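Working through the structure, step by step
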Amino acid sequence: MRPADTAAAMLGRAALPVLLRLEPERAHALALRGLRFIRHAWRASSISPQLGVELFGHRFAHPIGLAAGFDKDGDYLDALGALGFSHIEVGTVTPRPQAGNARPRLFRIRDAHALVNRMGFNSKGADHVAQQLRASRYAGVRGISIGKNADTPLERAVDDYLECLRKLYGVADYFAINLSSPNTTRLRELQAPDALARIIDPLREERRRLEARSGKFVPLLVKISPDLDEDELAASCAEFVRSGVDGVIATNTTTQMDAFRDQPAAQHGGGLSGAPLLDKSLAAIRRLRHELGTEMPIIGVGGIMNAGDAIERLSAGANLLQLYTGFVYRGPALLAEILEAVTRASSRAPARASHGH
Ligand SMILES: Cc1cc2nc3c(=O)[nH]c(=O)nc-3n(C[C@H](O)[C@H](O)[C@H](O)COP(=O)(O)O)c2cc1C
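Residues numbered from 1 in each chain as written. Predicted model: local features only at pLDDT ≥ 70, side-chain atom pairs only at ≥ 80, totals over all residues. Heavy atoms only, no water.

Some words on the overall build of the chain
Where we set the bar: Per the convention used, a helix needs a DSSP run of H or I reaching at least four residues, while a strand needs a run of E reaching at least two, with both numbered from the N terminus. Here the globule rule reads 2.2 Å times residues to the power 0.38, and the radius of gyration is calculated from C-alpha atoms. Two residues form a contact once any of their heavy atoms are found within 4.5 Å. Throughout, the Shrake-Rupley method with a 1.4 Å probe supplies accessible areas, and for residues the shown protein chains are the sole cover considered. Under this rule, positive means Lys or Arg and negative means Asp or Glu; His and the chain ends count for nothing. In plain terms, the charge of a residue is placed at NZ if it is Lys, CZ if Arg, CG if Asp and CD if Glu.
Within the chain, the secondary structure is distributed over 12 helices and 13 strands. For the chain, the C-alpha radius of gyration of 19 Å lies close to 21 Å, the compact-globule estimate for 357 residues. In terms of its C-alpha atoms, the chain occupies a principal-axis envelope of roughly 50 × 45 × 40 Å. Restricting the contact set of the chain to residue pairs at least 6 apart, pairs at least 24 apart contribute 73%. Counting every atom, the chain has about 14700 Å² of accessible surface; 52% of that belongs to carbon and sulfur. Positive and negative charge centroids in the chain, built from 45 and 39 side chains respectively, lie 6 Å apart.

Re helix H8 (residues 278-292)
Along an α-helix, residues three or four positions apart point the same way, because every turn accommodates 3.6 residues. The condition that has to hold: Here the expected length of a helix is defined as 1.5 Å per residue gap, with one fewer gap than residues. Only protein chains enter the accessibility calculation, which uses a 1.4 Å probe. A residue is then buried if its area is under 20% of the maximum for its type, exposed if over 50%, and partly exposed in between. An arc is given here, and it is the one of the directions from the helix axis to the C-beta atoms.
In this model, H8 (15 residues) spans 21 Å end to end at C-alpha, consistent with the 21 Å of a helix rising 1.5 Å per residue. If you check which residues of H8 are buried, you get Leu278, Ser281, Leu282, Ala284, Ile285, Leu288, Arg289 and Leu292. Taken around the axis of H8, the buried residues stretch over an arc of 155°, which confines them to a single face. Exposed residues lying more than 90 degrees from the buried face of H8 are Asp279 and His290. Summarising the contacts, the buried residues of H8 are in contact with strand S9 (220-224), helix H7 (230-243), strand S10 (247-250), strand S11 (271-274), strand S12 (298-301) and helix H9 (307-315). Where H8 terminates, the next one or two residues include Gly293, which has phi positive at roughly 75°.

A word on the pattern of salt bridges
The cut-off we apply is this: Here, a salt bridge means any side-chain nitrogen of Lys or Arg that lies within 4 Å of a carboxyl oxygen of Asp or Glu.
Within this structure, the stated rule accounts for 19 salt bridges. With a closest N to O distance of 3.0 Å, Asp201 and Arg242 form a salt bridge. In this pair, Asp201 sits in helix H6 (residues 193-214) while Arg242 sits in helix H7, placing the two residues 41 residues apart along the sequence. We classify Asp201 as partly exposed; its relative accessible area is 32%. Notably, a salt bridge pairs Asp227 with Lys280, separated by 3.1 Å at the nearest N-O pair. Here the residue Asp227 occupies a position in the loop between S9 and H7, and Lys280 occupies one in helix H8, the gap between them amounting to 53 residues.

Observations concerning the site of the ligand
To be explicit about the condition: Only heavy atoms are used to decide nearness, and a residue is near a molecule or strand if one of them lies within 4 Å of it. Counted as a polar contact is a pair of N or O atoms within 3.5 Å, where, for protein atoms, one must be capable of donating a hydrogen and the other of accepting one, and residues adjacent in sequence contribute only when both atoms are in side chains. Just so you know the grouping, Ala, Val, Leu, Ile, Met, Phe, Trp, Tyr, Cys and Pro go in nonpolar, Asp, Glu, Lys and Arg go in charged, and all remaining residues, Gly too, go in polar.
Around the ligand there are 23 residues in total, and Ala68, Thr92, Gly274, Gly303 and Thr325 lie nearest to it. Taking Ala68, its main chain carries an N or O atom lying 2.7 Å from an oxygen atom of the ligand. Between an oxygen atom of the ligand and a side-chain N or O atom of Thr325, the distance comes to 2.5 Å. For the ligand, whose unbound accessible area comes to 610 Å², protein coverage reaches 98%. Only strand S4 (87-93), strand S6 (114-117) and S11 provide two or more residues apiece to the shell around the ligand. Class assignment of the residues belonging to the shell around the ligand gives a composition of 7 nonpolar, 14 polar and 2 charged.

A short note on the pairing of S11
Counted only if it meets this: Only when DSSP finds a minimum of two bridges between them are two strands counted as paired.
Burial along S11 is two-sided: Gly271 and Ser273 facing one way and Leu272 and Gly274 facing the other are all buried. Where S6 and S11 come together, 4 bridges link them in antiparallel fashion. Each residue of the ladder has a partner; that of Asn117, found in S11, is Gly271.

With respect to the sheet that holds S11
We apply this condition: Orientation is described by lines fitted to C-alpha atoms, with helices fitted over the stretch in contact, and by angles between N-to-C directions that extend from 0 to 180 degrees.
The strand order across the open sheet formed by 3 strands is S5-S6-S11, and the pairing between neighbours is antiparallel. Every other strand in the sheet has two partners, leaving strand S5 (106-109) and S11 as the edge strands with one partner each. Taking the axes of each pair of neighbouring strands and ignoring which way they run, one obtains an average angle of 25° across the sheet.

Examining the sheet that holds S9
Sheet strands line up and pair through hydrogen bonds in the backbone, either parallel or antiparallel. Pairing in this closed barrel of 8 strands is parallel, and the strands run S3-S4-S7-S8-S9-S10-S12-S13 around the ring. Neighbour to neighbour, the strand axes of the sheet diverge by 25° on average, direction disregarded. As defined by bridge partners, strand S3 (residues 64-66) adjoins strand S13 (residues 320-323) across 3 bridges and the pair is classed as parallel. Residue pairing across strands places Leu66 opposite Leu323, the latter belonging to S13. Along the sheet face, H6 touches strand S8 (174-178) and S9 and points at about 155° away from the line of S9.

In structure tokens, the structure reads:
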């Protein structure tokens, strides 16, 4: 039995060569619109129950999800869900709608299987996303990545995160606190331990109130940059443990693009994703697992382009994985390939696949 619907993979294979020739942001919009039409024809077929992961109060059908930034506004949740992702991280959402940076702001480096983006949190805002999530029938786990508006000063960033938390609490299964996008000025400074505490502590306090009122507990995860050095990462980890975050997502895009200095795509600044991020994000996962011990959930993302990359990250200690750039270049076939590989791996070593908490 194949764990993922191969019709989706085949259609993806047919469409990809055309999409990858179009202007990248236009291709993205077209692919999402195309998915809407065929969602009823695609069904993730039965996934081995052995692949299930229990994590922070949720059951994930398998470890593979879709990373933040693919469906910024929750407009395509049902269509993307039909492809078989166990979880989808919507957003990053800002409290108020904002346009993001001027276009062009998304570039391919095709030979390297990479993307460079400087989207800058284009978002229809928290109210819109709340509405979309309420209307969605997606049955997988719904993460929401939250951020700050570009015109909110850094000192008041916490107010934006709090506003997102309040507006989206009822529709979220987990929150990803995005402190690691390189495309919002100075955002990454919020990863420093003191700044982190000034964001996390009020969010946890507000979550306590919202939980008391609703009876629903929504975990708070932090998404980190791959560009933290070892000392910075160790300091952030100590703060994660002190403040009691519920999990860490590693990693966002990197600003280190020296290897691509000659490429037009890299001359605009922004964040690099895809294959060149592989080693950095894997190193971050290993380091996090070392610093945080066995209990803290880690979601691994960055440079997963094939099944081998996925297995390697799970072995390095990630509980769940997310795809973005690999999915852009390879389409639903990548998800199918990874699911087959983890199914094989789990039947060889039954204890490994369900390393939940
Ligand atoms: C066009 C684009 C937009 C993104 N937008 C977001 C975002 O809004 N929030 C976020 O946390 N990550 C965002 N990311 C980062 C991805 O979620 C992911 O962490 C990163 O691309 C590394 O994974 P990959 O190498 O598989 O692409 C974005 C990435 C791309 C390419």
